[in-house]
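Listed below are the residues making up each chain.
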Amino acid sequence: MGKEKVAIIGSGNWGSAIAKIAGNNVKNHNDIFDESKVPIWVFEEDYEGRKLTEIINTDHENKKYLPDVKLPENVVAIPDIVEAVKGATALVFVMPHQFLSKTLEQLEGKVEKGAKAITLIKGVGVEGENIHVFADVIQEKLGISTSALSGANIANEVAIDRFSETTIGYRTEEDGKLWQKLFQTPNFRVQLIDDVAGVSLCGALKNIVAVAAGFIDGLEYGNNSKAAIMRLGLLEMKHFCIEFFDNVKEESFLQESAGVADVITSCLGGRNRKCAEAFVKEKKPFDQLEKDMLKGQKLQGIHTAKDIHIFLKSRNRIDAYPLFDKVYQISWEGLPVEKLTEGL
Ligand SMILES: NC(=O)C1=CN([C@@H]2O[C@H](COP(=O)(O)OP(=O)(O)OC[C@H]3O[C@@H](n4cnc5c(N)ncnc54)[C@H](O)[C@@H]3O)[C@@H](O)[C@H]2O)C=CC1
Ligand SMILES: O=C(CO)COP(=O)(O)O
């Protein structure tokens, strides 16, 4: 069998951080991976008068989304998505969730037969009363085995090699071990678990909890309130997964980075938290805060809150998830933020 050829689909804050790790690890494991080139698909745009692909390929740095971090020279930015995945056998999906379905349309029928994929995207696909994790969406649309990676992974910290952990929910143990080789470093520890849905759902739902934590910070309610939000949020996450998905493992919530640890880091230091705090203090709409504060990076939590609201409404189960519902109502329906903790 030939060597695995990796391609990364997405080049934002997390996409760039993971490209750094993957670019180095294909060299560390060049018995398994083709080390010559790790194509990264870049949604082309101008940045400070230059094309972003040109900046990445010349300066080896994604100056817009991950400034001051050098990328290995084998990470090559490509603006054409079909060209980026040509010949790739190991596809890494890492983009804001709102762009996935369009991306998959472009990739349908274009990926290598027998390739495999992993998604690092935090979000869910909802159509009325149906909900899907993205690993299943990708697997179905492209016909390739798709695992999921999620964890307490603020990209800027991972990118500068601060100790952290992550979780891979694998489709087969063999796939899990391959992805672990691609991502694990001495300071980025990768645990494996046979729970694609649990790992994926933790990553999506914790973003709603992080928005709630940001509201608490905006209200200046203090640490006890924030700890309560984290605990209640984790419980709603777990109940949601058990109610609507088969075979989700309890360990994913309580023992894995994807669960409790990601709730903690996101409620302390994530972008969703930060913008939700500003939503309360500055009284500006989220789309404006996203633009002003994140400089092209994207918020996921408020959109996931809306997706989950649509789903729960169609199942007549909104009342069972009061924290998720409060985040939706405050973010999208004008509910005063002081109502957040009422009745929880
Ligand atoms: N940034 C972080 O700390 C972490 C992010 N994640 C997750 O990883 C996923 C990707 O996040 P990031 O890499 O941080 O992205 P980001 O938040 O930095 O978003 C910017 C990216 O969106 C792309 N983009 C903008 N408009 C687009 C369009 N119309 N079509 C396609 N792409 C477009 C930009 O080119 C850029 O690559 C998200 O689901 C996020 O929740 C997971 C762990 C950590
Ligand atoms: O997923 C993350 C940390 O694990 C990043 O969260 P934010 O998108 O809120 O920054």
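Here the residue index of a chain counts from 1 through its sequence in written order. Both sets of labels track the order of writing: A upward for chains, 1 upward for ligands. For this predicted model, a pLDDT threshold of at least 70 governs which residues receive local features, and a threshold of 80 or more governs which side-chain atom pairs are given and counted, while totals over whole chains, interfaces and linings are taken from all residues.

Labelled according to an unreviewed UniProt entry, the protein appears under the name Glycerol-3-phosphate dehydrogenase [NAD(+)], originating from Kwoniella shivajii. Looking at the protein in UniProt, the text filed under Sequence similarities (unreviewed entry) is "Belongs to the NAD-dependent glycerol-3-phosphate dehydrogenase family." UniProt positions are given in the numbering used here, feature names are shortened, and annotations may be inferred rather than shown by experiment.

Looking at this structure, I do not really get the pairing of strand S2 (residues 38-41). What am I missing?
Side-chain positions along a regular strand alternate between the two faces of the sheet. The exposure label follows from counting other C-beta atoms within 10 Å of a residue's C-beta, where the C-beta atoms are placed from the backbone and the thresholds are 20 or more for buried and 12 or fewer for exposed, leaving partly exposed in between. Working definition: helices are DSSP H or I runs of at least four residues, strands are E runs of at least two. Numbering for both runs from the N terminus. Of the two faces of S2, both are covered, the one formed by Val 38 and Ile 40 as well as the one formed by Pro 39 and Trp 41. Two strands are said to pair when DSSP picks up at least two bridges between them. Of the strand pairs in this sheet, strand S1 (residues 6-9) and S2 are connected by two bridges, and their pairing is parallel. Bridge pairing in S2 links Ile 9 to Trp 41. Handedness of a crossover is defined as follows: with both strands directed away from the viewer, a clockwise route from the first strand across the helix to the second makes it right-handed. Regarding topology, helix H1 (residues 13-28) serves as the crossover connection from S1 to the parallel S2, and that connection is right-handed. Of the pairings in the sheet, the one linking S2 to strand S5 (residues 75-78) comprises four bridges and is parallel in character. Across the sheet, residue Trp 41 finds its bridge partner in S5, namely Ile 78.

What is the right way to look at the site of ligand 2 in this model?
Around ligand 2, the surrounding shell consists of Lys 122, Ala 152, Asn 153, Ile 154, Ala 210, Asp 262, Thr 265, Ser 266, Gly 270, Arg 271, Asn 272 and Gln 300. When contributions to the shell around ligand 2 are tallied by element, the ones reaching two or more residues are helix H11 (257-269) and helix H12 (271-282). With three residues, the top contributor of residues to the shell around ligand 2 is H11. Throughout this entry, Asp, Glu, Lys and Arg are counted as charged residues, while Ala, Val, Leu, Ile, Met, Phe, Trp, Tyr, Cys and Pro are counted as nonpolar. The remaining residues, Gly among them, count as polar. Looking at the shell around ligand 2, its residues break down into three nonpolar, six polar and three charged. Residue proximity rests on one test: whether the C-beta atom, placed from the backbone, lies within 6 Å of the molecule or strand.

Hey, could you run me through the domain arrangement of the protein in this one?
The domain limits used here are those given by an automatic or database domain assignment. When cut into domains, the protein gives domain 1 (6-197) and domain 2 (204-339). For domain 1 and domain 2, the distance between their C-alpha centres works out to 24 Å. In this assembly, 25 residues from domain 1 lie in contact with 28 residues from domain 2. Mapped by element, the contributors of at least two residues to the side of domain 1 that touches domain 2 are strand S8 (124-127), strand S11 (164-169) and strand S12 (188-193). In terms of residue count, the dominant contributor to the side of domain 1 that touches domain 2 is S11 (three residues). Across the side of domain 1 that touches domain 2, the residue classes tally to nine nonpolar, eleven polar and five charged. Residues are defined as contacting one another if the C-beta atoms placed from their backbone atoms lie within 7 Å.

Explanation requested: unusual backbone geometry in the structure shown.
The phi angle of most residues is negative, glycine excepted, and most peptide bonds adopt the trans form. Phi at Asn 247 is positive, roughly 65°, even though this residue is not glycine. Within the secondary structure layout, Asn 247 lies in the loop between helix H9 (223-244) and helix H10 (251-254). The class of Asn 247 is exposed, set by 10 C-beta atoms lying within 10 Å. For Asn 316, which is not glycine, the phi dihedral falls at a positive 60°. Among the secondary structure elements, Asn 316 is positioned in the loop between helix H14 (301-314) and helix H15 (322-332).

What am I meant to see in the UniProt feature "domain: Glycerol-3-phosphate dehydrogenase NAD-dependent N-terminal" (unreviewed entry) in the protein here?
The UniProt feature table records "domain: Glycerol-3-phosphate dehydrogenase NAD-dependent N-terminal" (unreviewed entry) at residues 5-173. The span residues 5-173 is 31% helix and 26% strand, and its two end C-alpha atoms sit 19 Å from each other.

For this particular structure, what's the right way to read the packing of helix H8 (residues 196-219) against H15?
Axes are the key here: two packed helices are described by the angle between their axes and the distance separating the axes. Each axis is a line fitted through C-alpha atoms, taken for helices only over the stretch in contact, and angles between the N-to-C directions span 0 to 180 degrees. Two elements in contact, H8 and H15, have axes whose closest approach is 9 Å; the angle formed by their N-to-C orientations is 65°. In this structure, H8 crosses over H15, and the sense of that crossing is left-handed. Counting all contacts with H8, which are made through Ile 208, Val 211, Ala 212 and Phe 215, the residues of H15 involved are Leu 323, Phe 324, Val 327, Ile 330 and Ser 331. Here the contact of H8 with H15 is composed, by residue class, of eight nonpolar, one polar and no charged. Crossing handedness follows the turn of the near helix against the far one: under a right angle anticlockwise gives a left-handed crossing, and clockwise gives a right-handed one.

Looking at this structure, I do not really get the UniProt feature "domain: Glycerol-3-phosphate dehydrogenase NAD-dependent C-terminal" (unreviewed entry) in the protein. What am I missing?
UniProt's feature table lists "domain: Glycerol-3-phosphate dehydrogenase NAD-dependent C-terminal" (unreviewed entry) at residues 195-341, given in the numbering used throughout. The distance from the first to the last C-alpha atom of residues 195-341 is 32 Å, and the span holds 74% helix and 0% strand.

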